[in-house]
Every structure is written in structure tokens, then in C-alpha cells.
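# Chains, contacts and geometry: an overview
Spelled out, the chains give:
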Amino acid sequence: AMIEIKSRSEVESMRRASGVVAEILVELVEMVRPGLTTAALDAAAEARIARLGAKPAFKNYRVGDSIFPAVLCTSVNEEIVHGIPSGRTLAEGDIIGLDFGVIYEGYYADSAVTVPVGRIDPRSERLIATTRRCLDAAIEQLRPGRRIGDVGAVVQAIAEAEGYGVVRDFVGHGIGRALHEDPQVPNFGIAGRGRSLKPGMVLAVEPMINEGTPAVRVLSDGWTAVTADGKRSAHFEHTVAITEDGPWVLTSAN
Ligand code: MG
Ligand code: MG
């Protein structure tokens, strides 16, 4: 399908939507500590969205018969993405992925981070740092003349060099007036292949990297994706506009 090209003023609206996401994510990250429930993070996000005049992107999002019940995805340890906030209490040594989106001025923005709960072991630190590095490398590819395959190839190379598994079942995406637009942006692939990137494209790039197997299982809640081997997973995401001058990270906090 066609990849939408956004005008400068549309990208600026998306930057404002992204600013809301970034601001709230920073606040949520500051809240994370042992003893907090994931539902408390969701409640804080929902209250802030309302105060900033935005609307949640994920609440009531529907896939088939499943309706997502929260404004925030909270994915702990072996949970990869789409974890549902609950009465679960965070424990020292956990890692938690916070995936968050809003609609503002008619445009979507989408971003995710994975952070430690208190002190974490060196293995988890390395997983988080590597996934962050995968995101940074993916963003570097978001330039006119590069291709979708270039993005996946760099992510896959970095992750697999560390012995990690790259999730295949979920991918990044175009974003704009819809949360998920064309093209899909896989975190694996072959450099030089796929659609050409052009100024005005806005993509949500989001490596999901597993300590072990890339294989995924979805829990009976219809949403929570976990690693098939029970090992940990990390996830980072930014909404990024491609400009003549290179990537513009719309959801960066500054
Ligand atoms: Mg997201
Ligand atoms: Mg996304």
C-alpha cells in the first residue's frame, strides 16, 4: 500500500503529540520503584493525558475480539509487549517496558522504554543497553535513500552479535492519523531491500529483543506477549520523521 507523506505542518502536529507522550513517559519512568503496581502507572498516565488535553491511543484499541483495557502497556521481565496494567507489584530486580501513545491534534504518537526496577543484574542491564543501541542504530537509518531492509538489518546485526533473539511476530510501523499505517518496519531483514525511505514519512521504530529465543507466546488475556522460553525481553520505541536532513526523533524528551 501507499506510504503516506506528511507535510511539514503535519509533522509539526505530530511533534506536539509526541511531546505529550515524551513528557508523560518521563514522569512514569520516575515513578517506577519496587512496591508500585503497574495499575498505578496506568492511572497516572491516564490522569496526565486528560490534563494535557490529549486522548489515549491504546485504550479500547481492538484486534479481532480483544479490546485493550488501559492507556499504557506494562510488560515486565519475560513479557515482550502489550502487557496489561494490573495489581501486580513491581519487585526489585524486575525490568519493565512502558509503551505509551496518545492522539493529539488528530495525530498519533507512540514511544516505549524499558527501565530497571531498583537494582538489576548485569545480564538485564546488558539486554536493556543493547536494545537501546538497536533503536539508536535503527533511527540512524531513517534517511532519504535508505530502505526499510536497512533498518531491520542493523537491528538484527547488533542483537544477534550479543546472542539475542529478534522478535519477528511484532514490528514497527508507519504512524499518522492512524496508529498503525504502512509500511511495516521489521527488526530483521536484508540491507538494500524493501521500500525506499522518503522525506515526510513518519515511522515508529521499535526493536523488541529477547535474551533467548525470538519465539513468542500470547497469554490467554489475548494481549500479553511473552517469550516462549521465559527469558527476559526489552523494548524501545520512538516516533521518527524522515527529513531531507535525516531523522527527526519526534518523541525525544528534549
Ligand atoms: Mg508503542
Ligand atoms: Mg508502535
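Our subject is the structure listed above.
Residues numbered from 1 in each chain as written. Chains lettered and ligands numbered in written order. Predicted model: local features only at pLDDT ≥ 70, side-chain atom pairs only at ≥ 80, totals over all residues. Heavy atoms only, no water.

## Re the environment of Gly101
Summarising the element assignment, Gly101 is placed in strand β6 (residues 95-104). Gly101 gets classed as buried once you look at its relative accessible area, which sits at 0%. Along the primary structure Gly101 and Val20 are separated by 81 residues, whereas in three dimensions their C-alpha atoms are 8.9 Å apart. (Helix = DSSP H or I, 4+ residues; strand = E, 2+ residues; numbered from the N terminus. Buried < 20%, exposed > 50% of the residue type's maximum accessible area, 1.4 Å probe, protein only.)

## Concerning the coordination of the magnesium ion (ligand 1)
With distances of 2.0 to 2.7 Å, the protein atoms coordinating the magnesium ion (ligand 1) are Asp99 (OD), Asp99 (OD), Asp110 (OD) and Glu237 (OE). Sequence spacing among the residues donating to the magnesium ion (ligand 1) works out to D-x10-D-x126-E. Taken as an interatomic distance, the gap from the magnesium ion (ligand 1) to the magnesium ion (ligand 2) is 3.2 Å; Asp110 donates to each of them. Remark: Glu237 occurs in the loop between β15 (233-235) and β16 (238-243) and Asp99 occurs in strand β6; sequence separation between them is 138 residues. For the pair formed by Asp99 and Glu237, the shared burial category is buried. (Donors = N, O, S within 2.8 Å, 3.2 Å for Na, K, Ca; no water.)

## Let's talk about the packing of helix α1 (residues 8-31) against helix α2 (residues 38-51)
Close contact between α1 and α2 brings their axes to 10 Å; oriented N to C, the two are set at 150°. Judged on the interaxial angle alone, α2 and α1 are roughly antiparallel. Relative to α2, the crossing made by α1 is right-handed. In this structure, α1 contributes Glu23, Ile24, Glu27, Leu28 and Met31 to the contact, and α2 contributes Ala40, Leu41, Ala44, Ala45, Arg48 and Ile49. (Axes fitted to C-alpha atoms, helices over the stretch in contact; angles between N-to-C directions. Parallel < 35°, antiparallel > 145°, perpendicular 65-115°, else oblique. Left-handed = near helix turned anticlockwise from the far one by under 90°. Contact = heavy atoms within 4.5 Å.)

## Some details on the sheet that holds strand β9 (residues 172-174)
Strands sit in the order β10-β9-β11-β16-β17 across an open sheet of 5 strands; the sheet is antiparallel. One side of each edge strand has no neighbouring strand; the edge strands of this open sheet are β10 (181-185) and β17 (246-249). Strand after strand, the sheet turns through a mean of 30° between neighbouring axes, direction not considered. Across 4 bridges, the pairing between β16 and β17 is antiparallel. The residue bridging Ala241 from the neighbouring strand is Trp248, located in β17. (Pairing = 2+ DSSP bridges.)

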